[in-house]
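# Fold and contact review
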Amino acid sequence: MTTTVIHPGATLTGEKVLIYHLRDVVKTREAEGSAFRLRVPSLQIALGEKIALIGESGCGKSTLLDMLSMTLKPSNIGSFRFRPERGAEPVDISALWQKNQLNKLGDLRRLRIGYVMQTGGLLPYLTVRENINLSRRLLDMQDDGLVDELANDLGIHRHLNKLPHMLSVGERQRVAIGRALAHRPAIVIADEPTASLDPIAAERIMSLFIELVDELHITVILASHAWRHINRLGLRHLEHHTHREADGSMTETVVSG
Amino acid sequence: MRHRFKDIIWLAGRDYRNEWQMSSFFIIALAAVLGPMMILYGLKFGIVGSMLNNLIEDPRNREVRPIGSGRYDSAWIEQLQAREEIDFIVPRTRAIAATIDLKSQAAKRIVSVEMIPTGPGDPLLKARTIPENLRQIVLSEKAAQRLKVKTGDEINGSLSRRYKGRSERVHVTLQVVDVARHASFTRDGAFTNLSLLEAAEDFRDGRAVPVFGWSGTNTANKERTYPSFRLYTRSIYDVAPISDALQKLGIEVNTRAADIDIVRSMDQNLSLVFWLIALIGLIGFSFSLGASLWANVDRKRKELSVLRLVGFRTGEIIWFPVLQSAFTAFFGWLTASLIYLAVSFTINGLFMSQTEDGETICRLLPDHFLVALLLTLGSSIIAASLAGYRAASVEPSEGLREI
């Protein structure tokens, strides 16, 4: 008897299922004579992949994350497909933006995407448990023990009934991770999730985060400027190159992968 | 959609409760505007209301009194009685002949009283027994006290005249069938059947009164005329048309129309003053609430963007500040109502001795509380809608990072 281990991003035939498939997506921003352009000639992210986007601030990481989290409308779209499940039909994000169907994009976010913000982004008036459960509550999901399980794994179980302001910054960040994962999204997007923590705590929380994502088979896109320990976590590094015009009038970042 | 509206209510409520200090300040600020307004309106409604009520209730305000004397026969009186504006009319005999000296067993002195003609439906004798024949009378409270008599007692009435050069006095036994309220007639008086007055007038004029066996000239077939009458209209609003109609006939009349007009215009003017104050107060409150909610959206930008990020729609985010201002409106109204109830209870207690039974100085109807709630809710929601619109413009991506 043999056991076949299937990588979550691959089908039985070994073909990859692409959660993100972008071609010629461009976002241009202009401000007082200087322009910034992010160009994505081609980007393919498979289900279950763990992606790292590492670079200094201002290089366009956030712009890319905003577009991938469907909160920022690209200036030009060749094509932008999102396939959150193996069996699902790919969703044409480009068409939703063109028809300005913001509520559909919102529904997609609610159902498929989890976010870990730089500084928690917890609602101060909800307890830790309610914060973690918020994404589930909005989807009418019944309690299946995942909230408690996550709280256990994240080491915050004893804080479940406290309000966020009673927790340390690191603990709050753990709560934020819990909330991003609690509704079992297809993808978790994290923008500098450990930037506000000291290096030791940052590394510990980052490892925990990646462990949990692996366990739940969730695709992850992580932006960070601290690449040292990221390398050890086995994430795929997303290539990007930035070049500036000599007169400083134009900065362009090209991302592909 | 409906389900997530429930979530917005839950979240807005939790936020409101979590910031209870801030929320209480707004509730108190609203109550500080609304409470005094309710008290002011309660006073206006209570005082002017009972003044108007008194005007309507008090039959004297429905009275139309002819000035001087005329000559009215019974046919003319009956014709007037047929008019629907008229509640009660009865002819009067000459005032100089309409007195009678009364003497009771209990009191030594003789009391001379005015006789007032009465009949069924007399508004001054509401809920009192009406004299049915010429041997029954209803005494005014003052006369009854001076004579020390009560309902059911018999008293002696006497009339005097100079007839053919001699002084004559006749006596008649009268039964006190009731005592009128003090307010009905404040002097010494007796409400009597018209025929007793006619008998007294006849006797004094030297005519025979067969029913009492008093002698005099025989005038059986002579048509009687009356110099005056007592007239009450159905309501205070009928006073003006009836007095106009009488004046057209050349009859000068006296009414309390001027008093009625004063109270009615006072009601209108006080209402105007009240609404001006209410308008200024509510506008001021709306602006301060609107400004704070507007600032709240800035303060809670991050939290609102988190809500957008987790998938709340634009139309749902608007409800966040709107609901919170509705909470403020409701609790502010509740507090103001409690303040009002406490203060009005105190005010009414203070004036208890000066008011008649069932009269209150400070009074609001349930409808008034409802109107206050709706007005407050309305102005708060208008104040919040701008902030709601601003909240809806919060971009979901703002929540992803520090700005």
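Computed from a predicted model, the values in this text were never measured in an experiment. (Residues numbered from 1 in each chain as written. Chains lettered and ligands numbered in written order. Predicted model: local features only at pLDDT ≥ 70, side-chain atom pairs only at ≥ 80, totals over all residues.)

This paragraph deals with the sheet that holds strand β7 (residues 154-163) of chain B. Residues and elements named next belong to chain B. Taken together, the 6 strands give a closed barrel; going around it, the order is β4-β5-β9-β6-β8-β7, and neighbouring strands pair in mixed fashion. The mean inter-strand angle of the sheet, taken between neighbouring strand axes irrespective of direction, is 45°. Judged from the 4 bridges that link them, strand β6 (residues 136-139) and strand β8 (residues 166-179) form a sheet pairing that is parallel. Bridged to leucine 139 within β8 is valine 179. (Pairing = 2+ DSSP bridges. Helix = DSSP H or I, 4+ residues; strand = E, 2+ residues; numbered from the N terminus. Axes fitted to C-alpha atoms, helices over the stretch in contact; angles between N-to-C directions.)

A few words now on helix α7 (residues 257-299) of chain B. Residues and elements named next belong to chain B. Helix length check: α7, at 43 residues, gives a terminal C-alpha distance of 62 Å against a target of 63 Å (1.5 Å per residue), a fit within 8%. Taken residue by residue, α7 has Leu282, Phe285, Ser286, Leu289, Gly290, Ser292, Leu293, Asn296 and Val297 as its buried positions. The inward-facing, buried residues of α7 contact α2 (20-57), α8 (301-309), α10 (319-350) and α11 (366-392). (Expected span 1.5 Å × (residues − 1). Buried ≥ 20, exposed ≤ 12 C-beta atoms within 10 Å, placed from the backbone. Contact = placed C-beta atoms within 7 Å.)

Attention now goes to the interface of chain B and chain A. Counting residues at the interface gives 21 residues for chain B, matched by 27 residues for chain A. Elements that contribute at least two residues to the side of chain B that touches chain A include exactly α1 (2-18) and α8 of chain B. No other element matches α1 of chain B, which puts 6 residues into the side of chain B that touches chain A. Residue composition of the side of chain B that touches chain A, grouped by class: 5 nonpolar, 6 polar and 10 charged. (Nonpolar A, V, L, I, M, F, W, Y, C, P; charged D, E, K, R; others polar.)

Our next topic: the UniProt feature "transmembrane region" (unreviewed entry) in chain B. UniProt records the feature "transmembrane region" (unreviewed entry) at residues 20-43, 272-297, 317-343 and 369-389 of chain B, using the numbering of this structure. A distance of 33 Å separates the end C-alpha atoms of residues 20-43 of chain B, which is 100% helix and 0% strand. (UniProt positions renumbered as here; feature names shortened; annotations may be inferred.)

The subject of this paragraph is the domain arrangement of chain B. The domain boundaries assigned to chain B delineate domain 1 (2-57 + 261-400) and domain 2 (64-255). For domain 1 of chain B versus domain 2 of chain B, the distance between C-alpha centres works out to 59 Å. (Domains from an automatic or database assignment.)

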